[in-house]
Amino acid sequence: MNTDFTTSRLTGWGRTSPSTASVAQVSRDNVAGLLKDPYRRGVLMRGLGRSYGDAAQNAGGVVLSLEGSAEETVLDAATGTLTAGAGASLHDLLKVIVPQGFFVPVTPGTRFVTVGGAIASDIHGKNHHVEGSFGNHVRQLTLMLADGTVHEIGPDQNPTLFWATVGGMGLTGVILEATFSLIPIETSLCTVNTIRCRNIDVLIDEMSHGDDDHRYSVAWADLLATGSRLGRSVLWRGDHTKLAELSSKEAADALKYEPKHLATVPPLIPSFGFVNKMSSTLFNELWFRKEPRRKNGGHKSIPAYFHPLDAIGSWNRVYGNGGFLQYQFALPFGREDELRQIVERIAVSKTASPLVVLKRFGDANPAPLSFPMPGWTLTVDIPTRAEGLGQLLHSLDEVVMQSGGRHYLAKDAHTTPTAIRRGYPRLDEWKQIQRSVDPGQLWQSDLARRLELI
Ligand SMILES: Cc1cc2nc3c(=O)[nH]c(=O)nc-3n(C[C@H](O)[C@H](O)[C@H](O)COP(=O)(O)OP(=O)(O)OC[C@H]3O[C@@H](n4cnc5c(N)ncnc54)[C@H](O)[C@@H]3O)c2cc1C
């Protein structure tokens, strides 16, 4: 069957560093045929393009997306596992599994990611401190190598290739399908405890002592506040609500799942966007004040607790033409002073938008390029037009490197090969495995070239 290629300009979610590639949507049955052609600039798989930087781009080369739907998924309720095509999105899967009493093992802050993208980035969620990242829950996956051969791999079946593929940013092959375990749920609600913390020290203390009592934990921080209010924040810790916690009326429809779409940001907005120091300061003040000082036990729906930003389509346009980048790093436990130092540098620079998240990670998994490590992770969205941004980020990179931390490949748009080599000490081990399955360097990406991953 002939595949229709179009020449398209692609970006990541941050809308920076566009590049042009030959793009096509393919079914799993015709991928192998396409790999036979010699592509000078290589091939890359792309999911829903929700990585922020250039991870899903391949300038001058080929970019393929797998057709995906939830129709071909197989839910095995007895074992609590789901088998899904790699092109299926968590959005589609949740519509099928929540009403049947299951939740995905890990979800990022958006449900518009594919199974392939979730594995290739080894995504983490609010439950990392308890349950690890997506790869920890994959029982088996089907991988097509550069030579077109198809392999079933998993933690007990060719574990070396499996763990190189988890977090391997699409550079070991095409993930065609995966079987992963699910979380059984009694209701589609989360019971959430809210705490307002007056500064970063109070937040760190609160998370260090209370996170382990809850399955989910995430904090928003105001990275424009300084002085005694440095890193003032709101912490939301949650658990899936038990049926017994609901009234009989609520219990009658306990697994209702209806994510709402409220609006879409139009394509034409002022080139400088809507996010600036004034609007962000105002937003942060209101956001902090609207939360109770301490509240135990409110109920939130799955979309409200896990995916609040998804209610607004194309919200990434609010940053204007230049787009934005998300700076995300992890620092090991014991490096709280350095975390505070980074928070202070960002706060003093007055560059951060209101989208700032702090999480506490649990144990790492065996994947050489998996991002999470036991410690802290901070994500900060910053408009690219912010003054002095390059200088600021390079100074933060130094702190991250010197503290034994690392940057998240799925979010990165700016860092250097040196920072990646320092942050991922097993990079050479991963490169060896990668080369053994792709000696002709078929798999390519802008990210891989920029950060010298292959
Ligand atoms: C609002 C928002 C919130 C987010 N929150 C989080 C979060 O909390 N935690 C987190 O970890 N991440 C988070 N992310 C990032 C996101 O989860 C990852 O970037 C994820 O990989 C995106 O999936 P995708 O399907 O869009 O993949 P893409 O962005 O299209 O691709 C990502 C990588 O996966 C590879 N890939 C995709 N499909 C395949 C395949 N079939 N076979 C092989 N490789 C493949 C690509 O080559 C690329 O390297 C967030 C993103 C957004 C926009």
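Residues numbered from 1 in each chain as written. Predicted model: local features only at pLDDT ≥ 70, side-chain atom pairs only at ≥ 80, totals over all residues. Heavy atoms only, no water.

### Comments concerning the overall build of the chain
And then number 1: A count of helices and strands for the chain gives 14 helices and 21 strands.
And then number 2: Compactness check: the chain gives a C-alpha radius of gyration of 21 Å against a globular reference of 22 Å for 454 residues, within 12% of the reference.
And then number 3: For the chain, contacts bridging at least 24 residues in sequence account for 74% of all contacts bridging at least 6.
And then number 4: Roughly 18700 Å² of accessible area belongs to the chain as shown, and the carbon and sulfur atoms make up 51% of that amount.
And then number 5: Treating the 46 positive side-chain charges of the chain as one cloud and the 46 negative ones as another, the clouds have centres 7 Å apart. (Helix = DSSP H or I, 4+ residues; strand = E, 2+ residues; numbered from the N terminus. Rg over C-alpha atoms; globule rule 2.2 N^0.38 Å. Contact = heavy atoms within 4.5 Å. Areas by Shrake-Rupley, 256 points an atom, 1.4 Å probe, with all protein chains shown as cover. Lys, Arg positive; Asp, Glu negative; His and termini not counted. Charge placed at Lys NZ, Arg CZ, Asp CG, Glu CD.)

### Quick word on the site of the ligand
And then number 1: Taken together, 35 residues surround the ligand, and among them Met45, Gly47, Ser51, Thr114 and Tyr408 come closest.
And then number 2: Within the contact set of the ligand, an oxygen atom lies 2.8 Å away from a side-chain nitrogen or oxygen of serine 121.
And then number 3: Contact between the ligand and histidine 124: a nitrogen atom at 2.8 Å from a main-chain N or O atom of the residue.
And then number 4: Contributions of two or more residues to the shell around the ligand are made by strand E3 (43–45), helix H3 (115–120) and strand E10 (174–181).
And then number 5: If you tally residues by element for the shell around the ligand, the top one is H3, at three residues.
And then number 6: The residue inventory of the shell around the ligand, partitioned by class, reads 19 nonpolar, twelve polar and four charged. (Near = heavy atom within 4 Å. Polar contact = N/O pair within 3.5 Å; in protein donor to acceptor, adjacent residues only side chain to side chain. Nonpolar A, V, L, I, M, F, W, Y, C, P; charged D, E, K, R; others polar.)

### Some points on the nonpolar core
And then number 1: Leu93, Phe103, Ile119, Phe180, Leu409 and Leu453 are the most contacted members of the largest nonpolar core, which totals 87 residues.
And then number 2: Among the elements that line this core, the one with the most residues is E10, at five residues.
And then number 3: Every residue in contact with isoleucine 119, bar those within four places of it in the chain, is listed here: Phe134, Val138, Leu141, Thr165, Val166, Gly167, Ile175 and Ala178.
And then number 4: Judged by nonpolar contacts, the second largest core, of 34 residues, contains Ala221, Leu235, Phe329 and Trp376. (Core = buried A, V, L, I, M, F, W, Y, C linked by side-chain atoms within 4.5 Å. Buried < 20%, exposed > 50% of the residue type's maximum accessible area, 1.4 Å probe, protein only.)

### Thoughts on the sheet that holds E10
And then number 1: Pairing is antiparallel in the open sheet, where five strands are placed in the order E5-E6-E10-E8-E9. Of all the strands in the sheet, just strand E5 (74–76) and strand E9 (150–153) have a single pairing partner and so form its edges. Sheet twist, expressed as the mean angle between neighbouring strand axes with direction ignored, is 10 degrees.
And then number 2: Note: strand E8 (residues 138–144) against E9, four bridges, orientation antiparallel. For methionine 144, the partnering residue across the bridge sits in E9 and is valine 150. (Pairing = 2+ DSSP bridges. Axes fitted to C-alpha atoms, helices over the stretch in contact; angles between N-to-C directions.)

### Focus: the side chain of serine 280
And then number 1: Considering the arrangement of structural elements, one finds serine 280 in helix H8 (residues 277–290).
And then number 2: Serine 280 sits in the buried class, given a relative accessible area of 2%.
And then number 3: Apart from residues no more than four positions distant in its own chain, serine 280 is found in contact with Leu224, Val275, Ala352, Ser353 and Pro354.

### Section: the environment of leucine 255
And then number 1: Tracing the chain through its elements places leucine 255 in the loop between helix H7 (248–251) and strand E15 (263–264).
And then number 2: When its relative accessible area of 24% is taken as the criterion, leucine 255 is described as partly exposed.
And then number 3: Between the C-alpha atom of leucine 255 and that of serine 188, which follows or precedes it by 67 residues, the distance is 4.7 Å.
And then number 4: Residues contacting leucine 255, with those up to four places away along its chain left out, are Val98, Pro99, Gln100, Gly101, Ile185, Glu186, Thr187 and Ser188.

### Some thoughts on the sheet that holds strand E1 (residues 6–10)
And then number 1: The strand order across the open sheet built from four strands is E1-E2-E4-E3, with neighbouring strands paired in mixed fashion. With one partner strand each, in any of the chains shown, E1 and E3 form the two edges of the open sheet. In this sheet, adjacent strand axes meet at a mean angle of 40 degrees when their direction is disregarded.

### Section: the packing of helix H6 (residues 200–210) against helix H10 (residues 336–349)
And then number 1: The interhelical angle for the contact between H6 and H10, taken along N-to-C directions, is 140 degrees, at an axis separation of 11 Å. In terms of axis orientation, H6 runs oblique to H10. Crossing geometry of H6 relative to H10 is assigned as right-handed. The residues of H10 that touch H6, namely those facing Ile200, Asp201 and Ile204, are Glu336, Leu339, Arg340 and Val343.
And then number 2: Per-class residue counts for the contact of H6 with H10 are four nonpolar, no polar and three charged. (Parallel < 35°, antiparallel > 145°, perpendicular 65-115°, else oblique. Left-handed = near helix turned anticlockwise from the far one by under 90°.)

### Here's the deal with the packing of H10 against helix H11 (residues 389–402)
And then number 1: Orientation of H10 relative to H11, taken along the N-to-C sense of each, is 175 degrees, at an axis distance of 10 Å. In terms of their interaxial angle, H10 and H11 are classed as roughly antiparallel. On H11, the residues touching Glu338, Gln341, Ile342, Arg345, Ile346 and Ser349 of H10 are Leu392, Ser395, Leu396, Val399 and Val400.

### So, the side chain of asparagine 316
And then number 1: As for its placement among the helices and strands, asparagine 316 is situated in the loop between strand E17 (312–313) and strand E18 (324–332).
And then number 2: Classification of asparagine 316 by relative accessible area gives buried; the value is 7%.
And then number 3: The residues contacting asparagine 316, other than those within four sequence positions of it, are Trp13, Arg15 and Phe324.

### Topic: unusual backbone geometry
For residues besides glycine, phi is generally negative; the peptide bonds are generally trans as well.
And then number 1: Of note in the backbone geometry, asparagine 158 takes a positive phi value of approximately 50 degrees without being a glycine.
And then number 2: Within the fold, asparagine 158 resides in the loop between E9 and helix H5 (159–165).
And then number 3: Judged by relative accessible area, which is 41%, asparagine 158 ranks as partly exposed.
And then number 4: Although it is not a glycine, serine 314 sits at a positive phi angle of roughly 50 degrees.
And then number 5: Inspection of the secondary structure puts serine 314 in the loop between E17 and E18.
And then number 6: Looking at serine 314, the relative accessible area reads 23%, which means it is partly exposed.

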